[in-house]
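A look at the structure
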Amino acid sequence: MSNAGPRRCAGFRRAASGRERVTVASAAAAENANAAGVRVVPVRGDPGGASRLAANLSALERTNAPVAARVRAAGDAAGRFGWALREGARVGLVDGKLGGPVTAVWPPELHRERVARVLAEDAGQPAAVLCLGVGDGQVLAQLAEELPAAVGMRRAVYVVEPDAALLRACLSTHDWSGAGSPLTDPRFAWCVGPAWPSQARRARARTQWVAPRVALAVGREAVDAVGDRWRAIEDARTRDAEAVWRRVAAGYDAKPGEDLAAALDPGGGSRPGRVLLVTSRFTTVLQYSSREIERALTALGYETRTLIEKADHLRVDPEEILGTLRDFEPDAVFTLDHLRAIFGRWLPATVPLISWLQDDLTHLMQAEAGRSVNRRQVVFTHDPARYVEHFGYPKLQTLPQGKMARIAPGGGPSATENSLAFVSNAGYRTDQLVAKARNSASDASSRRLLQVAAERLVAAWAGGERYPASVGVRPLVETVATDLGRPLTPGAALAAASTLFIAVVSPLYRQEAVRWVIDAASDRGLRVDLFGAGWSEHPDFAEHARGPVAYGKDLDELTGRSRFNLQAVPYYCMHQRLLDGVAARGFFLIREHATDVWRRDVDAWEAAWPAAVRSEAELLAYGGPAADALGGLRSRAATLMPCVPEDLVADRRGRRERGESERFGLLPHHGEVTFRDAASCRRLLERWSDDAAGRARVVDEQRAHVERLLGYRVGMSDMMRRSSTVLRAAAAV
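Residues numbered from 1 in each chain as written. Predicted model: local features only at pLDDT ≥ 70, side-chain atom pairs only at ≥ 80, totals over all residues. Heavy atoms only, no water.

Checked against the element boundaries, Leu709 lands in helix H26 (residues 692–709). Residue Leu709 is classed as buried on the basis of its relative accessible area of 11%. Separated by 287 residues in the primary sequence, Leu709 and Phe422 place their C-alpha atoms 25 Å from one another. Residue contacts for Leu709: discarding those within four places in its chain leaves Glu662, Arg663 and Val714. (Helix = DSSP H or I, 4+ residues; strand = E, 2+ residues; numbered from the N terminus. Buried < 20%, exposed > 50% of the residue type's maximum accessible area, 1.4 Å probe, protein only. Contact = heavy atoms within 4.5 Å.)

Structural data, given as structure tokens:
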């Protein structure tokens, strides 16, 4: 969400002084090209040029009529341009006015190679690009053909060409009349002719069209002048945004923190609270969770707005954020898996922020992230103690929160198909898992560490080693770091272990359960359907791969019509897929994790305490079986969680008094639908395959539990109440 100007890649070379410069092909270069077997023929002589031009102009008139008019008005300048031919094949345009090729780099294949290298630098999150000139059109075609990133993200392309005659020559050269071309793809913003700066200002003023981060010097003529004028446009926009920021910041500085906090209380404000949600379409689950959060808040009486990218090439930009803060004046901004840093400098520190951390991500598990949480911020996470102890999050503002479920409408489960469905993006081969772990790092040293650790992790898993939690991966990470001569801090080691656990252990754990299910299902004629990414490329699972399934209605219908659904996660089982699936009336078989067993045992242990006991010291003084079990439970907890509560008794008492023990506890009938290994998986399928009435009973009782305690409306009411309480306390300090 930065508003910085473009990173210059003009000519794709940096001068020794540190200033990036343009490499311009000269007339001598053109002569060298001719000497190397390139000859030039006039564009005017091409029999297909007129038809290509007509088709392209027709397409351009449909998408950008003003630019089409400028190209028509440029007249026939074909006599100025010629084809550069090598062995009869066209390799580019030559401009008689310039005395050489129209592109900044020659020959064209070298140009394309350098462009590809530049674009690869941000291929995972492609940034907007500014093309200074159209050249011979090859770079624009290359940009149009660029595939989306894995998350569907694409780059916006600004094209500046002051010379409409050159664009006309390009349109005689290429057939861009079809879909997905530089003329028809909505990702391309055209600024053509001498008045291009006014067109550029209009293009940048469009909502979510963000500043380009990379400038490609495609053409030869006046590149520096064009680049400088574009930078002036960006500077003016930055000044305007800063003025809005000052106005917004002053407004929130003047708002009493207690008034903002009171408005967030579901029943305590004098007016409906206003909440601004900021999310992203480039997520697999979070965008849908945001949608459910907005629905729940609206049902609770809040006024809401959501900022999300409107297309794959667009981004939520500073101007949109600031404009919404100014006009909507929310009492809080709500984000998922992000802190204030995602907004850069554009979210004033006095705007209340509620952050729900649904996933343990590297950018959240850092001391810098903990220090960034100020007094007008509340953080919710499944493991507050971990974030407080290891990463310095403020204890009073870091609160526990489990998953919530989307309650789907409809009748009982139909189970019309004799199938077992598993939905997960965990089907990748081990080499792909290692690559994903490696590529999650931003620097070469960290990538090397993660690659070596991931390879050792895969080998250890193949040898029978199992890792019930990320804390078990940490010793391997520390050993690898020592071997590579780059020891890590405890926090960095834990963050790397978490990354590896998610990228490698989690998919392998799921795949192991799938293998057990496939083996057991084959004996009963049960079809196994695997939905999600990776399965079709894995030789062990390809025959069961069924492609993607859309979140929402499609997933609900799949869940209901399948006789069985599978839940297998290497942590506490109360995960989003299970909760949404139960709410959609699905019957689930659950691979029981050590955390599930520990939670069940702790519940039984807690029930044996005397009513007056409120601390470990009091329990030990009382004595008896519950006191004897304390040491063993603490030891098991240390293998499952990075931070064991300092006083397990006090922690559990507090959770029960706050209503968290029931709300975040296991589902009814949990022990009846769980398996731990291949043999118990087989027994479970045998137990439930022919018991339709029993499955219906389990589904009804589990769904009633989820709807009563874990629906978004219930959960968001509680979350907003707790946010209000914390922010009120902070305002009173």
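Having seen the structure, we can now continue with the description.
What follows deals with the packing of aromatic side chains. With the rule as written, the count across this model stands at eleven aromatic pairs. A centroid spacing of 6.0 Å and a plane angle of 65° characterise the contact between Phe422 and Trp535, whose relative ring orientation is edge-to-face. Residue Phe422 is found in strand E18 (residues 417–423), and its partner Trp535 is found in the loop between strand E19 (527–531) and helix H18 (553–561); the two are separated by 113 residues along the sequence. The exposure class assigned to Phe422 is buried, which follows from its relative accessible area of 2%. Judged by its relative accessible area of 0%, Trp535 falls in the buried class. Linked through ring pairs, Tyr158, Trp209 and Trp230 together constitute an aromatic cluster. If you follow Arg206 out to its NZ or CZ, it ends over the ring of Trp209, 4.1 Å from the centre. (Phe/Tyr/Trp six-rings, centres within 6.5 Å; stacked < 30°, edge-to-face > 60°. Lys NZ or Arg CZ within 6 Å of the ring centre and 35° of its normal.)

Tallying each qualifying case throughout the model produces 46 salt bridges. Among the salt bridges present, the one from Arg524 reaches Asp690, with a minimum N-O distance of 3.5 Å. Within this pair, whereas Arg524 is found in the loop between helix H17 (490–522) and E19, its partner Asp690 is found in the loop between helix H25 (678–688) and H26, the two being separated by 166 residues in sequence. In this structure, Asp603 engages Arg652 in a salt bridge whose closest nitrogen and oxygen atoms are separated by 2.5 Å. Here Asp603 is found in helix H20 (residues 594–607), whereas its partner Arg652 is found in helix H23 (residues 648–657), with 49 residues between them in sequence. You can call Asp603 partly exposed: its relative accessible area is 30%. Taking relative accessible area as the criterion, Arg652 reaches 5% and is therefore assigned buried. A cluster of three or more residues bridged by salt bridges with shared partners is formed by Glu417, Arg527, Asp529, Arg546 and Arg561. (Salt bridge = Lys/Arg side-chain N within 4 Å of Asp/Glu carboxyl O.)

The next thing to look at is the sheet that holds strand E12 (residues 274–278). With parallel pairing, the six strands of this open sheet are ordered in space as E13-E12-E14-E15-E16-E17. Taken across any chain shown, the strands that pair with only one partner, and hence form the sheet edges, are strand E13 (303–307) and strand E17 (398–400). In this sheet, adjacent strand axes meet at a mean angle of 20° when their direction is disregarded. Note: strand E15 (residues 353–357) against strand E16 (residues 377–381), five bridges, orientation parallel. Within E16, the residue paired with Leu353 across the bridge is Gln377. Helix H13 (residues 384–391) contacts E15, E16 and E17 of the sheet and is inclined by roughly 155° relative to E17. (Pairing = 2+ DSSP bridges. Axes fitted to C-alpha atoms, helices over the stretch in contact; angles between N-to-C directions.)

Turning our eyes to something else, we now look at the packing of helix H16 (residues 470–483) against H17. Running from amino to carboxyl end, H16 crosses H17 at an angle of 115°, the nearest separation of the two axes being 8 Å. Considering their axes alone, H16 and H17 lie roughly perpendicular with respect to each other. As H16 packs across H17, the resulting crossing turns out to be right-handed. Here H16 contributes Ser470, Val473, Arg474, Val477 and Glu478 to the contact with H17, which in turn contributes Pro490, Ala493, Ala496, Ala497, Ser498, Leu500, Phe501 and Val505. Looking at side-chain class alone, the contact of H16 with H17 contains nine nonpolar, two polar and two charged residues. (Parallel < 35°, antiparallel > 145°, perpendicular 65-115°, else oblique. Left-handed = near helix turned anticlockwise from the far one by under 90°. Nonpolar A, V, L, I, M, F, W, Y, C, P; charged D, E, K, R; others polar.)

On to the state of the cysteines. Scanning all chains against the criterion turns up zero disulfides. Cysteine Cys573 shares no disulfide, and the gap to the nearest cysteine sulfur, in Cys681, comes to 16 Å. Since its relative accessible area comes to 1%, Cys573 is described here as buried. (Disulfide = S-S within 2.5 Å.)

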